[in-house]
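Coordinate analysis (summary)
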Amino acid sequence: MGSTPYLSPSGRYDGFPFQVQAYRAGQWNVISHHTSAVTGQRGLAKIRKCQPGAPHLYRMVHCTDDEYIWIDPDNKLKLAD
């Protein structure tokens, strides 16, 4: 799948090593992406602070985890190196 004209490859959520995901409508969805674990944890903490009754519905995932959501599977080899 190629990148679209309105979303550059660097702006795609599978171009970053960390994703914050939320469980909605029966599936996990990417809600933010981060370049480091520190910024990912900070984003996750902010989201959980806004939703204190359901912290289990949010998680941070690294690109080497099976739960990571990919737009383009070819990025998996590039990003995991």
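Provided above is the structure to which this section pertains.
Read on for an overview of the structure.

The rules behind these values
Residues numbered from 1 in each chain as written. Predicted model: local features only at pLDDT ≥ 70, side-chain atom pairs only at ≥ 80, totals over all residues. Heavy atoms only, no water. Helix = DSSP H or I, 4+ residues; strand = E, 2+ residues; numbered from the N terminus. Expected span 1.5 Å × (residues − 1). Contact = heavy atoms within 4.5 Å. Buried < 20%, exposed > 50% of the residue type's maximum accessible area, 1.4 Å probe, protein only. Pairing = 2+ DSSP bridges. Axes fitted to C-alpha atoms, helices over the stretch in contact; angles between N-to-C directions. Polar contact = N/O pair within 3.5 Å; in protein donor to acceptor, adjacent residues only side chain to side chain.

**Thoughts on helix α1 (residues 37–50)**
Between its first and last C-alpha, α1 extends 20 Å over 14 residues, near the 20 Å set by a 1.5 Å rise per residue. On its buried face, α1 is in contact with β1 (18–24), β2 (27–34) and β3 (58–62).

**Observations regarding unusual backbone geometry**
Positive phi is not limited to glycine here, since A25 has a value of about 50°. Position of A25 among the secondary structure elements: in the loop between β1 and β2. Residue class for A25 comes out exposed when judged on its relative accessible area of 86%.

**Topic: the environment of H56**
By the element assignment, H56 lies in the loop between α1 and β3. Expressed as a C-alpha distance, the spacing of H56 and Y23, which sit 33 residues apart in the sequence, is 8.6 Å.

**Some details on the pairing of β1**
Across the seven residues that make up β1, a large majority, five, are buried. Pairing geometry for β1 and β2, over seven bridges, is antiparallel. By the bridge assignment for β2, Q21 is matched with V30. From the end of β1 to the start of β2, which pair antiparallel, there are two residues, and A25 there has a positive phi angle of about 50°. Sheet analysis places β1 next to β3, joined by five bridges and oriented antiparallel. Its bridge partner being in β3, F18 is matched across the sheet by H62.

**Points about the environment of R24**
Structurally, R24 can be placed in strand β1. Sequence spacing of R24 and L57 is 33 residues, and the spatial spacing of their C-alpha atoms is 7.9 Å. Not counting the four nearest positions on each side in its chain, R24 is found in contact with N29, I31 and Y58.

**Quick look at the sheet that holds β3**
The strand order across the open sheet formed by three strands is β2-β1-β3, and the pairing between neighbours is antiparallel. Two strands in the sheet have a free side with no partner beyond their single neighbour: β2 and β3. Between one strand axis and the next, the sheet turns by 35° as a mean value, whatever way the strands run. Lying on the sheet, α1 is in contact with β1, β2 and β3; it crosses β3 at an angle near 170°.

**Some thoughts on the side chain of S32**
Note that S32 resides in strand β2. Side chain to side chain, S32 and H34 meet in a polar contact 2.9 Å long. Once you skip the residues sitting within four places of it in the chain, S32 turns out to touch F18, Q19 and V20.

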